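What follows is each chain in one-letter form.
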Amino acid sequence: MASGPLICRSGVAVLPPRLFPPSAYYAVMAQYPAVAIDADMRYDKRAKAVHRYRIADTRGPLELTVPVARPEGATTAAGVPWSAVGVSAHGRWWEVHRTALESAYGRTPFFEYYIDRLLPLFAPRPLDRAESASDLCLRADKAVRGILGLDTAIISTAAASAAEQCADMRRTMPEVPDAAYWQVRADRFGFIGGLSILDLIFNMGPEAPEVLLRMGRKIPEIGY
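Since the model is a prediction, treat every value here as computed from it, not as a measurement.

Draft legend 1. Inspection of helix H3 (residues 111-118) at higher detail. Taken together, the buried positions of H3 are occupied by Phe111, Tyr114, Ile115 and Leu118. End-on, the buried residues of H3 take up no more than an arc of 115°, which puts them together on one face. Counted as exposed and oriented over 90 degrees from the buried face of H3: Glu112, Tyr113 and Asp116. Close packing links the buried residues of H3 with helix H2 (93-105), helix H4 (133-148) and helix H7 (197-204).

Right under this line is the structure:
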């Protein structure tokens, strides 16, 4: 089982799939030696966080959305898992997102250092071979964990469910207070909380895990 300076809880956790989620998501993940990300959670059109994330650009908070498509042959997406909900090529969203990130974070200390590790996620999508929304989330998560250097092991949902101690956070994540950190436009907007983990990475670079550690100290105890 994984161990590291941010891991301070026993058992395992099950998390929902999220695309570049707020730092709080990774503050929770980093607390556990092992975590499962349930890629087969049932689609819910209200669960925008699966394919939407929030950054801060020159005008303040900005939400970026990856469009998703109804599964082929389905008249409704009700009951379909996120692993069967494809990412759409509509609007060439990858270009929109890449441009938005460059505009928002191009002048941050660590943008140039990390962006190349994220660019494969913003590659053009062929119209006939769409990846699933959950696959995109998992690819993004792997890149983010690599940048953060998290020691948490990623296990299957079945393995997590069979564990003696399993904290299921798929429906409700714990509320984690923000830990303020340096942001490139803080002189104009003040500290903006609840932003994508990308904001923390581009602004703080290798000091990002220390911010997650400070946030982790504020996470309430979670029952099994």
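Draft legend 2. Focus on unusual backbone geometry. You will see that Phe20, though not glycine, has its phi angle at about 40°, which is positive. Positive phi is not limited to glycine here, since Arg92 has a value of about 45°. Considering the arrangement of structural elements, one finds Arg92 in the loop between strand E6 (86-87) and H2. On the accessibility criterion, Arg92 (42% relative accessible area) is partly exposed.

Draft legend 3. Structural detail: the packing of H7 against helix H8 (residues 208-216). It is the contact of H7 with H8, at a shortest axis distance of 9 Å, that shows an interaxial angle of 130°. Considering their axes alone, H7 and H8 lie oblique with respect to each other. On H8, the residues that touch Ile197, Leu200 and Met204 of H7 are Ala208, Val211 and Leu212. Considered class by class, the residues forming the contact of H7 with H8 number 6 nonpolar, no polar and no charged.

Draft legend 4. Expanded view of the sheet that holds strand E1 (residues 12-15). An order of E7-E2-E1-E8 is seen for the 4 strands of this open sheet, with the pairing classed as parallel. Edge positions in the open sheet fall to strand E7 (153-154) and strand E8 (166-168), since each of these has one partner strand only. One ladder, built from 4 bridges, connects E1 with strand E2 (residues 34-37); its direction is parallel. The residue bridging Val14 from the neighbouring strand is Ala36, located in E2.

Draft legend 5. Structural view of H7. Here H7 lies mainly inside the structure; 8 of its 8 residues are buried. Within H7 the residues assigned to the buried category are Ile197, Leu198, Asp199, Leu200, Ile201, Phe202, Asn203 and Met204. Elements in contact with the buried residues of H7: helix H1 (23-29), strand E3 (52-57), H2, H3, H4 and H8. At the exit of H7 stands Gly205, carrying a positive phi of roughly 55°.

Draft legend 6. Up close: the pattern of salt bridges. Taken as a whole and assessed by the stated rule, the structure comprises 8 salt bridges. The partner of Arg170 in a salt bridge is Asp168, and the shortest N-O contact between them spans 2.6 Å. Looking at Asp168, the relative accessible area reads 45%, which means it is partly exposed. Within the structure, one salt-bridge network assembled from shared partners comprises Asp38, Asp168 and Arg170.

Rules used throughout
- Residues numbered from 1 in each chain as written.
- Predicted model: local features only at pLDDT ≥ 70, side-chain atom pairs only at ≥ 80, totals over all residues.
- Heavy atoms only, no water.
- Buried < 20%, exposed > 50% of the residue type's maximum accessible area, 1.4 Å probe, protein only.
- Helix = DSSP H or I, 4+ residues; strand = E, 2+ residues; numbered from the N terminus.
- Arc of directions from axis to C-beta.
- Contact = heavy atoms within 4.5 Å.
- Axes fitted to C-alpha atoms, helices over the stretch in contact; angles between N-to-C directions.
- Parallel < 35°, antiparallel > 145°, perpendicular 65-115°, else oblique.
- Nonpolar A, V, L, I, M, F, W, Y, C, P; charged D, E, K, R; others polar.
- Pairing = 2+ DSSP bridges.
- Salt bridge = Lys/Arg side-chain N within 4 Å of Asp/Glu carboxyl O.

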